[in-house]
Every structure is written in C-alpha cells, then in structure tokens.
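Notes for the structure review
Listed below, chain by chain, are the residues.
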Amino acid sequence: ASYAFGDPKADSFTGKVWADVVSQKLQASAADIASNPDGASTSFTGSGFDAGVKLGAGGFEGVLYGYSGSGLGTTGLYVLATSDLGRKRDSDGGYAQATYKFDRVKLGLSYGESRLKLTSDEKALGSSNSDLVKRNDSTVAGVYYSLTKAITLVGEFAHTEASAFNGNKATEDTYILGGIIFF
C-alpha cells in the first residue's frame, strides 16, 4: 500500500508513505530432504514487512525506510533464510537518505544496514563461530550534476562493512564515476 501527495513540479512540499507485507510457504525438494539432518523441517513460511516515508521540501528530500522478517534471508530473498535444521532466521534493517538540490547540482548522503540473527538451534550448537554474515552496512556520499533532462553525471564514495558471527570483517571503499540516462 502506498500514498503519495503533492506534485514535485508544482508543490513546495511533497511526499510518499508506503508499507508492504510478504508471506510465502517454501517446501524443500526431495534431494534436499534426503541430505538434511534428522529432525530438520522440510517446509516453512517466510514472512515480513517493510515501511518507509519520503518527504520533499524545496530542494531537500529525505527518505526513512525499515524492514523486519522471519525466514526471509538477508543477502537475497530466501537466501540462507533457515538453519540446517530448517529453523527460520530473523532479519531486519533499513536506511536513511538525505539530498539537497540547488540549480543543476544535487548533494546526497545515505546510510543503510541489514542484520541477520542466529536461530535458537544455532545458538545452542555454539554457532557464534559461524562465518555467516551477521551485519552489512554502507554509507554513501554523492554529487549529481544534471547535464540535460535526460543525462545526469554521478560521483559517489561508498564505504561498506560486513561482519560475520565469528568476528570476521570485510570493508570496502569504492569511488564511483559515471552517468545516468533517463528515458
């Protein structure tokens, strides 16, 4: 469900609010069932919700977004969504973004993160030594220049960190230069 208000070309204050829900039952294949440990669940229902708000006033635009799920995964929909015994992993996260546009230049800053939690059977087995990703987060700063109505030049810096339950960490700093063509 979503609701938008204001005309970005005519009104000084605009916005949009939205919320979504998902629920899907998944069944293990015969091959997966045969290779699963004894007592493993063979089906589960993944479910979750997300919601956000986007507001614009003059040259400012801000977005706040969050989600929560059970049995949905964190890196991709239904990827690593359960433990080896078929217990659902919980996940949550969100992001915040702010931009300001003056004339042809827009400046932006955003931060987002996703978190995955271990299941009770993983905790009982001491799986805090797992190399499963516990948290991903990223901060992005950007400058965007509208060359024409159809072409925007982009310059961004992104700092990304990932940490696993066993304490392993990875970081990456990325510089992005490019363009966007709108059609």
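Everything below is about the structure shown above.
Only a predicted model underlies this, so the values are computations on that prediction, with no experimental measurement involved. (Residues numbered from 1 in each chain as written. Predicted model: local features only at pLDDT ≥ 70, side-chain atom pairs only at ≥ 80, totals over all residues. Heavy atoms only, no water.)

A short note on the pairing of strand 9 (residues 169-181)
The sheet contact formed by strand 8 (residues 151-164) and strand 9 spans 13 bridges and is antiparallel. Along strand 9, the bridge assignment pairs Leu-153 with Gly-179. Here strand 8 hands over to strand 9 after four residues, with Gly-167 in that stretch at a positive phi of 95°. (Pairing = 2+ DSSP bridges. Helix = DSSP H or I, 4+ residues; strand = E, 2+ residues; numbered from the N terminus.)

Observations concerning the pattern of salt bridges
Under the defined criterion, the tally for this structure stands at seven salt bridges. A salt bridge links Arg-89 to Glu-122; the shortest N-O distance between them is 2.4 Å. Taken together, the residues Arg-89 in the loop between strand 4 (60-70) and strand 5 (90-102) and Glu-122 in helix 2 (residues 120-124) connect sequence positions 33 residues apart. For Arg-89, a relative accessible area of 6% gives the class buried. Arg-115 serves as the salt-bridge partner of Asp-92, at 2.7 Å between the closest nitrogen and oxygen. Here the residue Asp-92 occupies a position in strand 5, and Arg-115 occupies one in strand 6 (residues 105-116), the gap between them amounting to 23 residues. Of the residues examined, Asp-92 reaches a relative accessible area of 17% and is grouped as buried. One network of salt bridges, in which partners are shared, links Asp-92, Glu-113, Arg-115, Lys-117, Arg-135 and Asp-137. (Salt bridge = Lys/Arg side-chain N within 4 Å of Asp/Glu carboxyl O. Buried < 20%, exposed > 50% of the residue type's maximum accessible area, 1.4 Å probe, protein only.)

Focus: the sheet that holds strand 6
Across the sheet, which stays open at both edges, the nine strands sit in the order 1-2-3-4-5-6-7-8-9 with antiparallel pairing between neighbours. Sheet topology places strand 1 (2-5) and strand 9 at the edges, where each strand pairs with a single neighbour. Each strand axis lies, on average, 10° off the axis of its neighbour in the sheet, ignoring direction. Of the pairings in the sheet, the one linking strand 7 (residues 133-146) to strand 8 comprises 13 bridges and is antiparallel in character. (Axes fitted to C-alpha atoms, helices over the stretch in contact; angles between N-to-C directions.)

Focus: unusual backbone geometry
Outside of glycine, negative phi angles account for most residues, and trans bonds account for most peptide bonds. In this structure, Asp-103 is a non-glycine residue whose phi angle is positive, near 55°. Note that Asp-103 resides in the loop between strand 5 and strand 6. Looking at Asp-103, the relative accessible area reads 72%, which means it is exposed.

So, the packing of aromatic side chains
Using the criterion set out here, one finds six aromatic pairs in the structure. Aromatic pair Phe-157 and Tyr-175: ring centres 5.0 Å apart, planes at 50°, arrangement tilted. Taken together, the residues span a long stretch of sequence, with Phe-157 in strand 8 and Tyr-175 in strand 9 at a distance of 18 residues. In this structure an aromatic cluster arises from ring pairing among Tyr-3, Phe-5 and Phe-13. (Phe/Tyr/Trp six-rings, centres within 6.5 Å; stacked < 30°, edge-to-face > 60°.)

Looking at the layout of surface pockets
Computed from the structure, the largest pocket encloses a volume of approximately 1,000 Å³. Taken together, 37 residues form the lining of the largest pocket, with Lys-54, Glu-61, Thr-99, Lys-101 and Lys-106 sitting closest to its centre. At the level of secondary structure, the elements contributing two or more residues to the lining of the largest pocket comprise strand 1, strand 2 (13-27), strand 3 (43-57), strand 4, strand 5, strand 6, strand 7 and strand 8. With five residues, the single largest contributor to the lining of the largest pocket is strand 5. Its residues assigned to classes, the lining of the largest pocket shows 13 nonpolar, 14 polar and ten charged. The set of elements that each furnish at least two residues to the lining of the second largest pocket consists of strand 2, helix 1 (30-35) and strand 3. (1 Å grid on protein atoms, 1.4 Å probe; cavity = no way out; pocket = protein on both sides within 12 Å on 5 of 7 lines; lining within 4 Å. Points joined across faces, edges and corners; volume = space filled by probe spheres on them. Nonpolar A, V, L, I, M, F, W, Y, C, P; charged D, E, K, R; others polar.)

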